[in-house]
Amino acid sequence: METLVALMVGALVAAAVYLMLARNVLRFLFGLILISNAANLLIFASGGLTPESPPLIEYGAAAPPEGVANALPQALVLTAIVIGFGLFAFALVLVYRGYQNLGTLDSDEMRLAEPEERA
């Protein structure tokens, strides 16, 4: 199971890097979201993948039984999902306003502060 998750994280990171190398700002944004999801999946897998035993502490026990998943990475991933969604919403609005003002999503054509090179 861990091997499958590791391969999935690798595929997500590879797709994210491919998208982030494009000149289109919207593709960059989607690559950023993919790499965020890959990091979340990696953190989630670091806590242990135990589908048959939930991370619960029995009544009266001081610690969970051995072999269950760690609940801390699950809580961290839930927080990261909310933060990632907020980042995505902000960046999407930023890209949309940039497209409205400049009329393009090409990052090379969005250079307003840099002077054009003349040969």
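Residues numbered from 1 in each chain as written. Predicted model: local features only at pLDDT ≥ 70, side-chain atom pairs only at ≥ 80, totals over all residues. Heavy atoms only, no water.

### Considering the overall build of the chain
- Of the regular secondary structure elements, the chain holds three helices and zero strands.
- Listed N to C, the secondary structure of the chain is α-α-α in terms of helices and strands.
- A compact globule built from 119 residues would reach a C-alpha radius of gyration of about 14 Å, whereas the chain, at 21 Å, exceeds it by more than 25%.
- Dimensions along the principal axes, computed over C-alpha positions, put the chain at roughly 75 × 25 × 20 Å.
- Nonlocal contacts in the chain, meaning residues at least 24 apart in sequence, comprise 51% of its contacts between residues at least 6 apart. (Helix = DSSP H or I, 4+ residues; strand = E, 2+ residues; numbered from the N terminus. Rg over C-alpha atoms; globule rule 2.2 N^0.38 Å. Contact = heavy atoms within 4.5 Å.)

### Looking at the side chain of N40
- Checked against the element boundaries, N40 lands in helix α2 (residues 25–46).
- Among residues more than four places away in sequence, those in contact with N40 are V77, A80 and I81.

### Points about the packing of helix α1 (residues 2–20) against α2
- The contact between α1 and α2 brings their axes to 8 Å, and the two run at 160°. Compared by their axis directions, α1 and α2 come out roughly antiparallel. For the pair α1 and α2, the crossing hand works out as left-handed. Residues V5, M8, V9, L12, V13, A15, A16, L19 and M20 of α1 touch α2, and the partners they reach there are R27, F28, F30, G31, L32, L34, I35, A38, L41, L42 and A45. (Axes fitted to C-alpha atoms, helices over the stretch in contact; angles between N-to-C directions. Parallel < 35°, antiparallel > 145°, perpendicular 65-115°, else oblique. Left-handed = near helix turned anticlockwise from the far one by under 90°.)

### Description of α2
- Spanning 22 residues, α2 covers 32 Å between terminal C-alpha atoms, matching the ideal 32 Å at 1.5 Å per step.
- Those residues of α2 that sit buried are L29, G31, A38 and N40.
- Lining the buried residues of α2 we find α1 and α3 (71–102). (Expected span 1.5 Å × (residues − 1). Buried < 20%, exposed > 50% of the residue type's maximum accessible area, 1.4 Å probe, protein only.)

### A few points about the pattern of salt bridges
- Scanning all chains against the criterion turns up one salt bridge.
- Two residues, D108 and R23, come together in a salt bridge whose shortest N-O distance is 2.4 Å. Of this pair, D108 sits in the segment after α3 while R23 sits in the loop between α1 and α2, and the two are 85 residues apart along the sequence.
- D108 sits in the partly exposed class, given a relative accessible area of 31%. (Salt bridge = Lys/Arg side-chain N within 4 Å of Asp/Glu carboxyl O.)

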